[in-house]
Amino acid sequence: MDFEVIVSYLPLYIKAFMLTIKIGWIGIALSLGIGVFCAFVLHFRIPVLSAIVKVYVELFRNTPLLVQLFFVYFGLPKIGISISAEACGAIGLGLLGGSYMTESFRSGLDAVPVSQTESALALGMRKGQLFSNVILPQAVTLSVPAVVANLIFLLKETSVFSAISLMDLMFTAKDLIGLYYNTTECLFMLVIFYVVMLLPVSILGTVIEKKTRFKMFGD
Amino acid sequence: MEEILRVENLSKKYEDVDVLDGISLSVKKGEVVVIVGPSGCGKSTFLRCLNGLEDIRDGSVFLGDEKINPNKKNLSKTREKIGMVFQSYDLFPHKTILQNVTLAPIKVKKRKKAEVEEEALKLLDRVGLISKKDNYPRQLSGGQKQRVAIVRALIMHPEVLLFDEVTAALDPEMVREVLDVVLSLAKEGRTMLIVTHEMSFARAVADRVIFLDGGKIVEEGKPTDFFDNPKTDRLKKFLKTFSYEE
């Protein structure tokens, strides 16, 4: 392994790293928004919207991100909407992530026992008070592990962005290998940068998980 | 004494089974009514109808002059006046003991936090749990949780208290600590409807005991008559299951 090569590639990798993180987290923010909204729609059984959400979730959970990206990137211009590759990446990730987040939040909401609802109602709580004071805080705690798993999964999924010519980590590595054949160095750096990106999320996730669960369940 | 709760011809069906079959009952202010009966006789369903947790199809329930209607908007308002304690405590696991007790008065009755907390601490002290105020429910024993659940109901100043088998999930030595609290409430003159399997407790606490079987009131009376001179064969047989004498 040639460390001079590594040092010389470093600026390119850092640039790609920043781009990956930027699009990754914009996509994740989007997915959280979509997930919360859709989970509420399902939980409150809002007519018509519920059916649409169900179709959306199944459609996006059961197709690969790559295919979804192709649809957004090559499909939208055909109907007259052209957006940048970066926006495509973020939207694609947001839509895929949204379907996973929906399921995570919904299962959290459903996991709060009915008896909690009954005891709150018996105290005279109104529907809104019941939801915001009793159901929601417990549902959030219950969905933390699944949400953290989704975060990690989604950040890893950014590796297919290269297919729509986004200069992310994967793209940069493949590009450099193609140009200079320093396969070992390039792949080594790729692994390191992914770990640097994901390890903090993983560790932070575990801490949050422990903190939130401890209150309700102990160790 | 004035009447506080009236049940008229209350009936309820699940599929084809009559869970409640035309129950009528009048409860006076300050009266303690204990409901006993075999499993599945409709005791819990009956209590749950009284605060609208169950749909009321036939018959009606009145608290004072107000009709309890599960489909009506003012149901929450009525429920504020009916305290209920459940078999499985159902404390809020994400809130401390003090927060469990103060949540409803602050949110529902819009009372001042400081004033509610002061009252909560007094009540927790009364049931011997003031030292647990900052603990979470998971850190308490079943008996302690149930005493907190009673305090949580009391702080709403209910006109009627419903107890749904509040000791059924407890270890024997914890049963006593909970029942002592209920007994002290009875002595205060609170109106209570209690579903229980603890016959000696029923005898001690009740002004009137009701035997429910097959969704009907089979027999009712003062505890002495009820337990010492049961009239119906069905009740005699039921009471016999609680003794091991020949």
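Residues numbered from 1 in each chain as written. Chains lettered and ligands numbered in written order. Predicted model: local features only at pLDDT ≥ 70, side-chain atom pairs only at ≥ 80, totals over all residues. Heavy atoms only, no water.

A. Spatial organisation of the pairing of strand 1 (residues 3–14) of chain B. Residues and elements named next belong to chain B. Relative to strand 2 (residues 17–28), strand 1 runs antiparallel, the two sharing 8 bridges. Bridge assignment links Leu5 to a residue of strand 2, and that residue is Val27. Connecting the antiparallel pair strand 1 and strand 2 is a turn made up of 2 residues, with Glu15 showing a positive phi of about 55°. Bridge count for strand 1 against strand 4 (residues 58–63) is 5 bridges, and the pairing is antiparallel. Its bridge partner being in strand 4, Leu5 is matched across the sheet by Leu63. (Pairing = 2+ DSSP bridges. Helix = DSSP H or I, 4+ residues; strand = E, 2+ residues; numbered from the N terminus.)

B. How the structure looks around the interface of chain B and chain A. Chain B puts 26 residues into the contact, and the matching count from chain A is 21 residues. Contact between chain B and chain A buries roughly 2,100 Å² in total, counting both sides, with carbon and sulfur atoms accounting for 58%. Among the residues of chain B in contact with chain A, Phe92, His94 and Arg138 of chain B are the three that bury the most area, contributing 28% of the side total. Along the contact surface separating chain B from chain A lie 2 salt bridges. Between Glu118 of chain A and Arg48 of chain B there is a salt bridge; the shortest N-O distance is 2.7 Å. Our enumeration of links across chain B and chain A arrives at 7 residue pairs in polar contact (both at pLDDT 80 or more). When contributions to the side of chain B that touches chain A are tallied by element, the ones reaching two or more residues are helix 2 (75–79), strand 6 (82–85), helix 3 (97–107) and helix 5 (142–154) of chain B. Classifying every residue of the side of chain B that touches chain A by side-chain character gives 13 nonpolar, 3 polar and 10 charged. (Contact = heavy atoms within 4.5 Å. Buried area = accessible area lost by both parts, 1.4 Å probe. Salt bridge = Lys/Arg side-chain N within 4 Å of Asp/Glu carboxyl O. Polar contact = N/O pair within 3.5 Å; in protein donor to acceptor, adjacent residues only side chain to side chain. Nonpolar A, V, L, I, M, F, W, Y, C, P; charged D, E, K, R; others polar.)

C. Geometry of unusual backbone geometry. Residue and element names in this part refer to chain A. Despite not being glycine, Val48 shows a phi value in the positive range, around 65°. Counting through the fold element by element, Val48 comes out in the loop between helix 1 (3–43) and helix 2 (49–61). We note that Ser165 has phi near 55°; this positive angle belongs to a residue other than glycine. Among the secondary structure elements, Ser165 is positioned in the loop between helix 6 (127–157) and helix 7 (169–180). A residue is classified by how much of its surface remains accessible, and Ser165, at 44% relative accessible area, is partly exposed. (Buried < 20%, exposed > 50% of the residue type's maximum accessible area, 1.4 Å probe, protein only.)

D. Representation of the pattern of salt bridges within the structure. Per the counting criterion, the structure on display carries 27 salt bridges over all chains. Between Arg48 of chain B and Glu54 of chain B there is a salt bridge, with the nearest N and O atoms lying 2.8 Å from each other. Glu54 of chain B carries the same exposure label as Arg48 of chain B, and that label is buried. Linking Asp180 of chain B and Arg176 of chain B is a salt bridge whose minimum nitrogen-to-oxygen distance equals 3.3 Å. Here the residue Asp180 of chain B and the residue Arg176 of chain B both occupy positions in helix 6 (residues 172–187), the gap between them amounting to 4 residues, near one helical turn. Its relative accessible area of 36% is what places Asp180 of chain B among the partly exposed residues. The class for Arg176 of chain B is exposed, based on a relative accessible area of 57%. The structure contains a network of salt bridges with shared partners spanning Glu118 of chain A together with Lys12, Arg48 and Glu54 of chain B.

E. Spatial organisation of the sheet that holds strand 3 (residues 32–36) of chain B. All names here are of chain B. The 6 strands are arranged 6-7-8-3-9-10 in an open sheet whose pairing can be described as mixed. Two strands in the sheet have a free side with no partner beyond their single neighbour: strand 6 and strand 10 (216–221). Geometrically, the sheet is characterised by an average inter-axis angle of 20° between neighbouring strands, direction not taken into account. Both strand 7 (residues 160–164) and strand 8 (residues 191–195) contribute to a ladder of 5 bridges, which runs parallel. Within strand 8, the residue paired with Val160 across the bridge is Thr191. Strand contacts of helix 5: strand 6 and strand 7, with the helix running at about 170° to strand 6, the strand carrying the most contacts. Running at roughly 145° to strand 8, helix 6 makes contact with strand 3, strand 7 and strand 8 of the sheet. (Axes fitted to C-alpha atoms, helices over the stretch in contact; angles between N-to-C directions.)

F. Layout of helix 4 (residues 113–126) of chain B. Residue and element names in this part refer to chain B. An ideal rise of 1.5 Å per residue puts 20 Å on 14 residues; helix 4 measures up with 20 Å between its terminal C-alpha atoms. When helix 4 is considered as a whole, its buried residues turn out to be Val116, Glu119, Ala120, Leu123 and Leu124. For helix 4, the buried positions fall inside an angular range of 140° around the axis, keeping them on one side. Exposed positions of helix 4 whose direction lies more than 90 degrees from the buried face are Ala114 and Lys122. The elements touched by buried residues of helix 4 are helix 3 and helix 5. A positive phi of about 75° marks Gly128, the residue just after helix 4. (Expected span 1.5 Å × (residues − 1). Arc of directions from axis to C-beta.)

Nothing here speaks to function; it is all geometry.
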